[in-house]
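The residues making up each chain are set out below.
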Amino acid sequence: MTRHLLPLALAASIAFPAMAGAADSQPSPRIIVSGEGEATTPPDLALLSLSVMREAKTARAALDANNDAMAAVIAAMKAAGIKDRDLQTAGIQINPRYNYTNKPDGGQDAELVAYQVTNTLAVRVRDIDKTGEILDKAVSLGVNQGGGISFTNDNPAATVTEARKKAVADAVAKAKTLAEAAGVSLGRVLEINDQNIRPMPMAINAKAFDSVAGAVPTQAGENAYNVQVTVTFELK
């Protein structure tokens, strides 16, 4: 009788630790919440995109005319205090322009009438109070195509940090409310993920400056930096 019970006892002693291990491997109760924080700061940098387009019968003549106009714009930028490191050619395009006439058979005849050359200059204005003056001067010297402006910050790290703290605080507050409503307590933080949302640039068409007399009026306003976080808490 004793000999038959011994293997059963050994089997039981082996099975119980296995069952305990399976129970320990179950994930602990947890809650996942999201939080959002925002912080604002005045911009300290204006980003301009200034384009000059010139047209002529030949590509060479169009390029020469464009070069002269853009050289004048760059010289004006430097005279206004813009450093070389804040001036960058963003692109040069040379495109033929055609006139199309309809034919009796339904087709079209294409006549090459001119070449268009467009040169785009990216400018960083660190003294944003001069932004309107610089835009007006650039248009007067030949900027006539496209263009855009956005106000940003050279180093927004401190503002983003403030927004991140607010986002985490928002997530913690939400988690406490939910846990209290469910009759449980919050434990340790298991995981945090965040996502920065940069302010969107405000675009302005350079053609709109043609009829403006004097410096272009600009308002820099404030930049809002948003951070969203997802926080996972253990429940007790």
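Attention here is on the structure that accompanies the text.

Some words on the overall build of the protein chain
Okay, so step 1: What the protein chain contains, in helices and strands, is four helices and seven strands.
Okay, so step 2: Each helix and strand of the protein chain, placed in order from N terminus to C terminus, yields the pattern α-β-β-α-β-β-α-β-α-β-β.
Okay, so step 3: Counting across all 236 residues of the protein chain, residues that qualify as buried make up 29%.
Okay, so step 4: Long-range pairs, those at least 24 residues apart, make up 85% of the contacts in the protein chain between residues at least 6 apart in sequence.
Okay, so step 5: Summing over all exposed atoms, the protein chain offers an accessible surface of approximately 14600 Å²; the carbon and sulfur share of this is 54%.

Structural notes on the sheet that holds strand 6 (residues 186-197)
Okay, so step 1: Across the sheet, three strands lie side by side as 1-7-6; this open sheet has antiparallel pairing. Among the strands making up the open sheet, the edge pair consists of strand 1 (30-41) and strand 6. Averaged over all adjacent pairs, the angle separating strand axes in this sheet is 20°, with direction ignored.
Okay, so step 2: Note: strand 6 against strand 7 (residues 223-235), nine bridges, orientation antiparallel. Residue valine 189 lies in a different strand from strand 7, and its bridge partner there is phenylalanine 233.
Okay, so step 3: Packing of helix 4 (residues 157-182) onto the sheet brings it into contact with strand 1, strand 6 and strand 7, and relative to strand 1 it is tilted by some 145°.

Overview of helix 2 (residues 59-79)
Okay, so step 1: Between its terminal C-alpha atoms helix 2 stretches 30 Å, which fits the 30 Å expected from 21 residues at 1.5 Å a residue.
Okay, so step 2: Taken together, the buried positions of helix 2 are Ala62, Asn66, Ala69, Met70, Val73, Ala76 and Met77. Along the axis of helix 2, the buried residues cluster in a sector spanning 110°; they form a single face. The exposed set on the far side of helix 2, more than 90 degrees from its buried face, consists of Arg60, Asp68 and Ala79.
Okay, so step 3: Looking at the buried positions of helix 2, the neighbouring elements they touch are strand 2 (45-56), strand 3 (87-102), strand 4 (108-125) and helix 3 (131-141).

Points about the packing of aromatic side chains
Okay, so step 1: As enumerated under the stated definition, the model contains one aromatic pair in all.
Okay, so step 2: Plain terms: the ring middles of tyrosine 98 and tyrosine 100 are 6.2 Å apart, the flat faces sit at 45° to each other, and that makes the pair tilted.

Focus on the nonpolar core
Okay, so step 1: Leu48, Leu50, Val73, Met77 and Val123 are the most contacted members of the largest nonpolar core, which totals 23 residues.
Okay, so step 2: At the level of secondary structure, the elements contributing two or more residues to this core comprise strand 2, helix 2, strand 4, helix 3 and strand 5 (145-152).
Okay, so step 3: Per element, the largest residue contribution to this core is five residues, and it comes from helix 2.
Okay, so step 4: Apart from residues no more than four positions distant in its own chain, valine 123 is found in contact with Ala46, Leu47, Leu48, Leu50, Met77, Ile82, Asp86 and Leu87.

Cut-offs and rules
Residues numbered from 1 in each chain as written. Predicted model: local features only at pLDDT ≥ 70, side-chain atom pairs only at ≥ 80, totals over all residues. Heavy atoms only, no water. Helix = DSSP H or I, 4+ residues; strand = E, 2+ residues; numbered from the N terminus. Buried < 20%, exposed > 50% of the residue type's maximum accessible area, 1.4 Å probe, protein only. Contact = heavy atoms within 4.5 Å. Areas by Shrake-Rupley, 256 points an atom, 1.4 Å probe, with all protein chains shown as cover. Pairing = 2+ DSSP bridges. Axes fitted to C-alpha atoms, helices over the stretch in contact; angles between N-to-C directions. Expected span 1.5 Å × (residues − 1). Arc of directions from axis to C-beta. Phe/Tyr/Trp six-rings, centres within 6.5 Å; stacked < 30°, edge-to-face > 60°. Core = buried A, V, L, I, M, F, W, Y, C linked by side-chain atoms within 4.5 Å.

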